[in-house]
Structure formats: C-alpha cells, structure tokens
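Observations on the three-dimensional arrangement
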Amino acid sequence: MFPYYPVNGFGPVMQGMVIGGLGIFHVFVAQFAIGGGMLLCYFQWRANNRDDELARRFVDGYFRWLVLVSFVTGAVTGVAMWFTTIQISPRTIGMMIDEFHWLWATEWTFFCLEVASGYIFYRYAPRLDGTTRLRLLILYAIAAWMSLFWINGILSWQLTPSGWLDNGSVWAGFFNATFWPSLVYRTLAAMAIAGLVAALVVNLAKAFTLEERRTLIRRVFWFLAPMALMPLIGGWFMLALPEDSRQWIMGGSIAMTLFFSLGAGASLLIGGYGLAMLVKSNLTINGATASLLCALAFAATAGGEFVREGVRKPYTVRHTLYSNSITEDEVAYFRRVGCTTNDPYPLVDADSYPTEQLQLGAHVFRMQCGICHTMDGANGLVHLAGTWSVDQQRLNIAKLQHTKAFMPPFAGTPEELEALVQLIRWQHDARPTEWSETTDASVLESIAQHLEEAGTRSMVARPQ
C-alpha cells in the first residue's frame with residue numbers, strides 16, 4: 001500500500017528550492033561550527049604553550065561569534081530543515097530515519113555534547129585555567145566533527161547506497177563509495193570557512209590594534225592551507241560517483257555543470273588569495289575583502305550542495321526512491337491502478353479548475369511533479385512543455401525517462417497522463433473559464449502504447 005502524505009506547495013517557488021536554499025545555509029553554518037572548534041583549539045594551544053595572550057583574547061572573542069552563529073542560527077535552521085522536509089518529502093526523510101535511526105540517535109548525542117561543552121566554555125571560560133579550557137574546546141571540536149561524521153554517512157548513502165542495495169546492511173550503506181571523499185572534503189571546507197569568518201571577525205573587533213589584526217589574520221589563514229588538497233579530494237569524489245552522475249557534472253546537464261563550475265571557481269579564488277596571504281608576509285586583508293571571501297565560500301558551498309543533490313536524480317535514494325517519493329516497483333503498480341486513485345487528500349483549490357479532468361491533472365501534478373517543478377513559476381511545466389504540440393506532450397511525458405534521463409518514469413494511467421497534458425495546455429492558455437475534456441478513446445490508446453514502449457524503469461543503470 002503506497003503511503004500517501006499531505007504535502008504543501010509554495011506557489012511559484014519550487015518545493016525543492018525551499019529546502020535546498022535552507023539546506024545550503026544550514027550546511028554553511030554547520031561547517032563553520034566544525035572548523036571553528038578546530039581553530040579555537042589551535043589558538044588555545046598557542047595561548048597555553050607559547051604564552052600567547054593575543055591568542056587567548058582571540059579565543060574569548062571568536063567563541064562568542066561561534067556560539068551566536070552556530071548555536072542560535074544553526075539550531076533554528078536545523079529545526080527548520082526537519083520542518084520543511086516532512087512537508088515536502090516525508091517519505092524520503094522517513095526512509096532515512098527507518099534505515100539509520102540508531103545512527104541519527106548517535107549523531108544527536110554528539111550534538112548534545114557539542115552544545116553542553118560549548119555552553120560550559122561560554123559560561124565559565126574566564127574562570128578556568130588554560131589546560132581545562134583546551135580540554136573543553138577539544139571536546140567541543142570532537143563532538144562537532146563527529147556530528148559531521150554521522151550525517152555525512154547518511155547523506156552520501158542517498159547518492160551511492162553501494163552494498164545496501166544488495167543486502168540492506170546499515171554499515172554497507174553508511175560506509176558507501178562517496179563516504180570518505182565527502183567526509184575529507186567537508187572537513188577541509190569547514191577549516192577554510194572557519195578561517196575566513198575569523199578574518200572577518202578580527203576586522204570587526206575593536207579590541208585589536210592594527211598590528212594585532214595582521215598577526216591574527218596571518219595565523220588564521222594557515223587554516224586555509226589544507227585547501228591545496230581539495231583538487232585531489234574532489235577528483236577522488238568524482239571517481240567514486242556513478243558514471244551517469246559524473247557525466248551530468250561534466251556537461252551532460254548544463255545546470256549541474258554551471259553549479260559545479262561555480263563551486264570550483266569560488267574555491268579556486270579563495271585558495272589563490274589564501275596562497276598569496278601565506279607567501280607574501282606584508283599582505284593582509286580588511287573587512288570588505290574578508291566579507292567578499294566569506295561570500296565566495298558561501299557560493300562554493302551552494303554550488304557543491306546543489307551538485308550533490310542534483311546528481312542523485314532521478315532519485316532521492318539511488319535505485320530505491322524516485323524524487324517524487326515513488327519506488328521503482330510502484331511505477332508499474334500505478335500504471336495499472338492510477339497514482340491518484342487511493343490518495344485520501346483532496347486538492348485545496350479544486351473549485352478553481354473548470355473540469356474534473358483538469359482537477360485530476362492538478363492531482364497528478366501534486367503527486368508526481370510538485371517536488372521539483374511548479375506550474376508556471378520556477379522550473380515551471382508551462383515554460384518547459386507549454387509550447388510543445390499536444391502529441392509531443394503526450395509522447396514526451398509518457399517516455400519521460402527517455403526524454404531526459406534524470407527524470408523518473410511517469411507513474412500513472414493513460415487517463416492521468418492525458419489529464420496532466422490538458423492541465424499544462426490550460427495553464428499555457430491563461431486558465432480560461434471553459435475547457436473541453438478529452439474523450440477520444442484513440443488518444444488514450446496511443447498514450448498506453450507510448451507508456452508500454454517506455455517501460456517502468458529509469459534509464460540510470462543499476463550497478464552490477
């Protein structure tokens with residue numbers, strides 16, 4: 001029995017765009033928290049072992065920013081992520097929890113440890129000796145990185161489930177093909193983000209003299225040095241990707257290629273500036289430049305996360321769950337009984353459609369298309385398919401996975417497909433108050449023939 005859920009639309013804003021935008025912001029903040037913990041350990045170590053009073057002052061000032069951003073903003077966006085996900089793709093998040101519930105619990109345990117150690121440092125650090133401060137910061141940094149460790153395994157499982165597809169093993173899925181390159185790359189990114197934000201904080205802080213700022217900025221920029229490994233780690237990640245995903249990045253999908261180029265280009269600019277800072281001893285940066293570099297780091301994060309999400313298509317869990325939360329086997333089932341037949345949730349605006357066929361089309365759109373498309377907004381069906389002839393629309397939607405390999409196969413009856421076609425045409429014609437329903441039996445027979453030829457499987461090859 002297919003598990004229907006109530007889902008919410010966001011008008012002209014694509015559902016995936018809502019959770020994607022929120023996710024990118026959350027990832028940036030979370031990676032700042034992870035790298036920030038490492039950076040603070042380094043400066044506290046300097047304070048303890050080199051009697052560096054400037055390092056101690058930096059720790060106290062920077063940590064307040066870390067708490068403000070990672071605890072408050074990170075916590076709010078983290079909750080928002082769960083809230084939006086259960087409204088947009090509840091079956092996907094449900095499968096992630098079903099498969100990895102103990103690993104989620106482990107990750108939340110480390111998150112609690114991160115919050116507790118962070119709060120203790122924030123509250124009592126001025127009263128503590130250097131050794132206790134360092135131990136507390138190390139505990140905080142380990143807890144933050146371990147949160148990344150567990151979440152990284154679950155997220156990379158969505159892209160490359162590896163042995164989990166064969167035996168359902170939690171550990172085979174967790175330590176999947178992209179686990180290690182993704183973990184190493186994210187760790188390097190977290191260090192770079194922490195260093196760039198630190199450069200901005202130092203410029204904003206009035207407690208430091210100009211010479212002290214120069215000294216601190218030069219030291220935090222050493223946290224960007226590991227970025228030199230990013231091309232190698234990126235290449236490792238690319239080699240671990242399935243062949244079709246790699247081809248989409250390398251030109252098969254213009255959107256994937258553009259966002260990949262955005263991430264790589266922004267990282268290259270940051271790395272180049274960091275190298276110049278480390279080589280030329282008289283070079284420093286002001287607040288404006290630090291802000292620009294942070295913006296580039298955000299752009300690099302956005303590009304990378306967009307590509308990571310995009311190359312999974314047409315799946316949210318590769319070879320298991322399509323983007324519209326329908327499994328591969330359920331496609332064949334819906335071809336027989338219809339995807340809307342047993343859906344208990346009615347349309348909220350059913351009266352705005354002049355015919356029952358258009359209502360059915362809107363129902364099909366909500367069920368199969370709404371997660372990645374709008375009707376006439378972002379990635380709108382009207383813009384993508386509105387100018388096709390009616391025969392083209394019927395053929396291309398029936399053979400959707402052949403039309404575009406990153407699309408899932410249509411999962412419905414010929415009547416439902418025709419209803420979706422009529423909905424696109426009605427929207428394209430500016431929603432007239434009167435619209436004729438399709439009653440020609442030969443049309444449905446033609447669509448049924450197209451669906452039969454298309455098959456029920458995606459064009460993405462399953463690993464042997």
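Our subject in this report is the structure included herewith. Predicted model, so just to flag it, every value in this text is computed and none were measured.

**Quick look at the overall build of the protein**
For the protein, the helix and strand inventory stands at 19 helices and two strands. Seen along its three principal axes, the alpha-carbon backbone of the protein occupies a region of about 85 × 45 × 40 Å. Across the 464 residues of the protein, 50% fall into the buried class. The contacts of the protein with a sequence gap of at least 6 include a subset with a gap of at least 24, amounting to 76%. In the structure as shown, the protein presents an accessible area of about 21,100 Å², 64% of it carried by carbon and sulfur atoms. Between the averaged position of the 32 positive side-chain charges in the protein and that of its 35 negative side-chain charges there is a distance of 16 Å.

**Section: helix α13 (residues 328-337)**
Those residues of α13 that fall on the buried side of the exposure criterion are Glu-328, Glu-330, Val-331, Phe-334 and Arg-335. Looking down the long axis of α13, one finds its buried residues gathered within 150 degrees of arc, a one-sided arrangement. Of the exposed residues in α13, those oriented more than 90 degrees away from the buried face are Asp-329 and Arg-336. Once α13 ends, the next one or two residues include Gly-338, with phi positive near 95 degrees.

**What to know about the state of the cysteines**
This model, assessed by the stated rule, comprises zero disulfides. The closest cysteine sulfur to the non-disulfide-bonded Cys-372 is located on Cys-369, 9.2 Å from its own sulfur. Judged by its relative accessible area of 16%, Cys-372 falls in the buried class.

**Thoughts on helix α18 (residues 414-428)**
It helps to recall that an α-helix has 3.6 residues per turn; residues three or four apart then point in one direction. In this model α18 runs 21 Å from its N-terminal to its C-terminal C-alpha over 15 residues, within 8% of the 21 Å that 1.5 Å per residue would give. Residues of α18 that are buried include every one of Pro-414, Glu-416, Leu-417, Glu-418, Ala-419, Leu-420, Val-421, Gln-422, Leu-423, Ile-424, Trp-426 and Gln-427, and no others. Next to the buried residues of α18 lie α14 (356-369), α15 (381-385), α16 (390-398) and α19 (441-454). Residue Ala-430 follows α18 closely and has a positive phi angle near 70 degrees.

**Some details on the packing of α16 against α19**
Relative orientation of the contacting elements α16 and α19 amounts to 35 degrees, with a least axis distance of 8 Å. The two elements α16 and α19 meet at a crossing, and its hand is right-handed. Contacts from Arg-394, Leu-395 and Ala-398 of α16 reach α19 at Val-443, Ile-447, His-450, Leu-451 and Ala-454.

**Quick word on the packing of aromatic side chains**
Here the structure, examined in full by the defined rule, presents 33 aromatic pairs. On the basis of an interplanar angle of 80 degrees and a centroid distance of 6.0 Å, the ring pair of Phe-32 and Tyr-62 is categorised as edge-to-face. Residue Phe-32 is located in helix α1 (residues 15-49), and its partner Tyr-62 is located in helix α2 (residues 53-88); the two are separated by 30 residues in the primary sequence. This pair shows no difference in class: Phe-32 is buried, exactly as Tyr-62 is. An aromatic cluster is defined as three or more aromatic residues linked by ring pairs; in this entry it consists of Trp-145, Phe-149, Trp-150, Trp-171, Phe-174, Phe-175, Phe-179 and Trp-180. Sitting above the plane of the Tyr-124 ring, Arg-123 keeps its charged end 5.4 Å from the centroid.

**Topic: the environment of Phe-179**
One can find Phe-179 in helix α7 (residues 179-204). In the structure, Phe-179 is positioned 24 residues away from Leu-155 in sequence and 8.7 Å away in space, judged by C-alpha atoms. Excluding residues that lie within four positions of it along the chain, Phe-179 makes contacts with Phe-149, Asn-152, Gly-153, Ser-156 and Phe-174.

**What to know about the environment of Val-382**
By the element assignment, Val-382 lies in helix α15. Considered as a pair, Val-382 and His-428 are 46 residues apart in the sequence and their alpha carbons are 5.8 Å apart. Once residues within four sequence positions are removed from consideration, Val-382 is found in contact with Met-375, Asp-376, Thr-387, Ile-424, Gln-427 and His-428.

**Some points on the pattern of salt bridges**
This model, assessed by the stated rule, comprises 17 salt bridges. A salt bridge links Asp-52 to Arg-46; the shortest N-O distance between them is 3.1 Å. For Arg-46, a relative accessible area of 10% gives the class buried. The salt bridge partner of Glu-305 is Arg-308, with a shortest N-O separation of 2.9 Å. Linking Glu-305 with Arg-308, this pair stays in helix α12 (residues 287-310), spanning three residues, or about one helical turn. The same class applies to Glu-305 as to Arg-308, namely buried.

**Structural notes on the nonpolar core**
Counting 53 residues, the largest nonpolar core has Phe-58, Tyr-62 and Phe-221 as the members making the most contacts within it. For this core, the secondary structure elements donating two or more residues are α1, α2, α4 (130-159), α7, α8 (210-220), α9 (230-240), α11 (254-279) and α12. Among the elements that line this core, the one with the most residues is α7, at 13 residues. Excluding anything up to four places from it in sequence, Tyr-62 contacts Phe-32, Gly-36, Leu-39, Leu-40, Ala-194, Val-197, Ala-198 and Val-201. Tyr-4, Tyr-322, Cys-369 and Ala-398 belong to the second-largest nonpolar core, a separate cluster that totals 42 residues.

Analysis parameters
Residues numbered from 1 in each chain as written. Predicted model: local features only at pLDDT ≥ 70, side-chain atom pairs only at ≥ 80, totals over all residues. Heavy atoms only, no water. Helix = DSSP H or I, 4+ residues; strand = E, 2+ residues; numbered from the N terminus. Buried < 20%, exposed > 50% of the residue type's maximum accessible area, 1.4 Å probe, protein only. Contact = heavy atoms within 4.5 Å. Areas by Shrake-Rupley, 256 points an atom, 1.4 Å probe, with all protein chains shown as cover. Lys, Arg positive; Asp, Glu negative; His and termini not counted. Charge placed at Lys NZ, Arg CZ, Asp CG, Glu CD. Arc of directions from axis to C-beta. Disulfide = S-S within 2.5 Å. Expected span 1.5 Å × (residues − 1). Axes fitted to C-alpha atoms, helices over the stretch in contact; angles between N-to-C directions. Left-handed = near helix turned anticlockwise from the far one by under 90°. Phe/Tyr/Trp six-rings, centres within 6.5 Å; stacked < 30°, edge-to-face > 60°. Lys NZ or Arg CZ within 6 Å of the ring centre and 35° of its normal. Salt bridge = Lys/Arg side-chain N within 4 Å of Asp/Glu carboxyl O. Core = buried A, V, L, I, M, F, W, Y, C linked by side-chain atoms within 4.5 Å.

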